[in-house]
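Residue-level structural notes
Here is what each chain is made of, one letter per residue.
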Amino acid sequence: MRYNERELLSLSRQPAEKAAEILMRAPKKGSVLKKRLVKLVVNFLFYFRTDEAEPIGALLLEHCRIRQEEENVFSIGFLEEPDRKYYFECDTAEQCQEWIEVLRRASYEFMRSSLVFYRNEIQKMTGKDPLEQYGISEEARFQLGAGKL
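Here the structure is a predicted model, which means the values were calculated and not measured.

Quick notes on the UniProt feature "domain: PH" (unreviewed entry) in the protein chain
Cross-referencing UniProt, the feature "domain: PH" (unreviewed entry) maps to residues 15-108 in the present numbering. Taken end to end, residues 15-108 comprises 14% helix and 51% strand; its first and last C-alpha atoms sit 18 Å apart.

Below you can see the structure in the form of C-alpha cells.
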C-alpha cells in the first residue's frame, strides 16, 4: 500500500489515543530491543527515536494479529507475512494488556463491525435505521454480511 509521506507525518503529529516509551524490536535479523516512543493515532502505530520529533516508522494496524507473548511482551504480526513480527516490551503486565486492548480496537474492520452491531441494536429497539437519515443505509460496507473491502 502506498502512502503520502507528508500526510503520514501530519497524522503522526495528531493527538495520540495512546502513547508511551516502551522497548521495541523490529523483525530484522539481529535486531535488539530499543527504547522507542510508540504512539497510536487512529489505526497507525507510529514509532520514534525518543529524542526525535519525526517518526522512524509506522505500522498500519489492518490485517494484523496482536498477541501477548510473555507477561509484559506483545507482538504485532501481519497476515501476509506471519513470520515477520514486531515485539514490544512494556514495564508491567497491566501496561501490556492496555496496549493489546487498544491496538485490537484500532483497526477499521473492528470499527466497522462495531458500527454494524450498534446499528442493528438501535434498529431492533426503535424500528428505524439510524443511518437512513444520512443517506447511507444501503451502502454495502454498513451491512452485516458485507465482505472485507
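What about the environment of Leu9?
Tracing the chain through its elements places Leu9 in helix α1 (residues 5-12). Separated by 45 residues in the primary sequence, Leu9 and Glu54 have C-alpha atoms spaced 7.1 Å apart. The contacts of Leu9, once residues within four sequence positions are left out, are Glu54 and Pro55.

Observations concerning the side chain of Lys85
Summarising the element assignment, Lys85 is placed in strand β7 (residues 81-89). In this structure the side chain of Lys85 is engaged in a polar contact, spanning 3.3 Å, whose partner is the side chain of Glu69. When sequence neighbours within four positions are dropped, the list of residues in contact with Lys85 reads Arg25, Ala26, Pro27, Arg67, Glu69, Ser75, Ile76 and Gly77.

A short note on the sheet that holds strand β4 (residues 57-60)
Spatially, seven strands are ordered β4-β3-β2-β1-β7-β6-β5 in an open sheet, and the strand pairing comes out antiparallel. On the outer flanks of this sheet lie β4 and β5 (64-70), each paired with one strand and no other. With strand direction ignored, the average angle separating the axes of adjacent strands in the sheet is 35 degrees. Alignment of β5 against strand β6 (residues 73-78), held across six bridges, turns out to be antiparallel. Following the sheet pairing, Cys64 is matched in β6 by Phe78. In the packing of helix α2 (residues 93-104) onto the sheet, the strands contacted are β1 (18-25), β2 (34-41), β3 (44-49), β5 and β6, and the crossing angle to β1 comes to about 105 degrees.

A look at the pairing of β3
Each regular strand carries side chains that alternate between the two faces of the sheet. Within β3, five of the six residues are buried, which leaves it mostly tucked inside the rest of the structure. As judged from the six bridges shared by β2 and β3, these two strands associate in the antiparallel manner. Following the sheet pairing, Lys39 is matched in β3 by Phe46. Counting the residues in the hairpin turn of β2 and β3 gives two residues, including Val42, whose phi is positive at 55 degrees. Relative to β4, β3 is paired through four bridges, and the arrangement is antiparallel. In the sheet register, Tyr47 faces β4, and the bridge partner there is Gly57.

Parameters at a glance
- Residues numbered from 1 in each chain as written.
- Predicted model: local features only at pLDDT ≥ 70, side-chain atom pairs only at ≥ 80, totals over all residues.
- Heavy atoms only, no water.
- UniProt positions renumbered as here; feature names shortened; annotations may be inferred.
- Helix = DSSP H or I, 4+ residues; strand = E, 2+ residues; numbered from the N terminus.
- Contact = heavy atoms within 4.5 Å.
- Polar contact = N/O pair within 3.5 Å; in protein donor to acceptor, adjacent residues only side chain to side chain.
- Pairing = 2+ DSSP bridges.
- Axes fitted to C-alpha atoms, helices over the stretch in contact; angles between N-to-C directions.
- Buried < 20%, exposed > 50% of the residue type's maximum accessible area, 1.4 Å probe, protein only.

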